Amino acid sequence: RRDLSLASAMLRTLARRSPQALSLRPAVATFVQRRGLALKYSKEHEWVKVDGDIATVGITDHAQGQLGDVVFVDLPEVGTTLEQHATMGAVESVKAASDVYSPLSGEITEVNEKLNDEPALINSSAEEDGWLAKIKMSATSELDGLMDKEGYEKFCEESS
């Protein structure tokens, strides 16, 4: 939301300085939706936040709530190339272990090493500090198959 507010403020400033900039509004809106300043969600309960060609991935707050207290996280290795829907790691809780699937194809560029010592970050901040990995996307068109927040909430309601 903060990123969206920032984008809106920048657009208003640009419009004041240059009235013809208002014609850019549809293009900016498309860019914001396409590049996902807001989170996108998979049916496997992973979230994605895109910054350029890098996607930060984690499990959703809904998923961590279903798992309970997370006690271990199996992170992928940096440099690993994944196809969409391939297993990229696992999350273990006091209740169960669950595979984590890559919502996008690409190469792992970074993992959240903090989770090795503090797996409970997933419980306390699943959709921010509890991120799992960053992926350099190889097929940005795969973003089109992910849900927005409203679609994901509806999906969760229908699945329960």
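Residues numbered from 1 in each chain as written. Predicted model: local features only at pLDDT ≥ 70, side-chain atom pairs only at ≥ 80, totals over all residues. Heavy atoms only, no water.

## Focus: the environment of Cys156
Looking at the element boundaries, Cys156 is found in helix H6 (residues 149–159). With sequence-adjacent residues up to four places away left out, Cys156 is seen in contact with His45 and His62. (Helix = DSSP H or I, 4+ residues; strand = E, 2+ residues; numbered from the N terminus. Contact = heavy atoms within 4.5 Å.)

## Re the nonpolar core
Val48, Ile59, Ile122 and Leu132 are the most contacted members of the largest nonpolar core, which totals 26 residues. The set of elements that each furnish at least two residues to this core consists of strand S2 (46–51), strand S3 (54–59), helix H3 (61–67), strand S4 (70–74), strand S6 (87–93), strand S8 (106–111), helix H5 (121–124) and strand S9 (133–137). When sequence neighbours within four positions are dropped, the list of residues in contact with Leu132 reads Val57, Gly58, Ile59, Val73, Leu75, Val100, Val111, Asn112, Leu115 and Ile122. (Core = buried A, V, L, I, M, F, W, Y, C linked by side-chain atoms within 4.5 Å. Buried < 20%, exposed > 50% of the residue type's maximum accessible area, 1.4 Å probe, protein only.)

## Details of the sheet that holds strand S5 (residues 81–82)
Sheet architecture is open: 6 strands sit in the order S1-S2-S3-S9-S8-S5, paired in antiparallel fashion. Looking along the sheet, the strands with just one partner apiece sit at the ends: strand S1 (40–41) and S5. As paired strands, S3 and S9 are joined by 4 bridges and run antiparallel to one another. Bridge pairing in S9 places Thr56 opposite Lys134. (Pairing = 2+ DSSP bridges.)

## Considerations on the packing of aromatic side chains
Considering all chains together, one arrives at 2 aromatic pairs under this definition. Each ring, one from Tyr41 and one from Tyr152, has its centre 4.7 Å from the other, and the planes form 10 degrees; the classification is stacked. Taken together, the residues Tyr41 in strand S1 and Tyr152 in helix H6 connect sequence positions 111 residues apart. Exposure remark for Tyr41: the relative accessible area of 3% places this residue in the buried category. Aromatic rings pair up to connect Tyr41, Tyr152 and Phe155 into one cluster. When the ring centre of Trp131 is taken as reference, the NZ or CZ atom of Lys134 above it lies at 5.1 Å. (Phe/Tyr/Trp six-rings, centres within 6.5 Å; stacked < 30°, edge-to-face > 60°. Lys NZ or Arg CZ within 6 Å of the ring centre and 35° of its normal.)

## Things to note about unusual backbone geometry
Here His45, not a glycine, exhibits a phi torsion of approximately 75 degrees, which is positive. By the element assignment, His45 lies in the loop between S1 and S2. Notably, His85 is not glycine yet its phi reads approximately 75 degrees, a positive angle. Within the fold, His85 resides in the loop between S5 and S6.

## Focus on the confidence of the model for the protein chain
Put simply, the protein chain has an average pLDDT of 86, and 77% of its residues get 70 or more. Ignoring residues within four places in sequence, the model shows residues 25–36, a span with pLDDT below 50, making 18 contacts including any to other chains. (pLDDT = per-residue confidence, 0-100.)

## Focus on the pairing of S9
Only one face of S9 is buried, namely the one carrying Ala133, Ile135 and Met137, since none of Lys134 and Lys136 on the opposite face is buried. Relative to S9, S8 runs antiparallel, the two sharing 5 bridges. Within the sheet, the bridge partner assigned to Glu110 lies in S9 and is Lys134.

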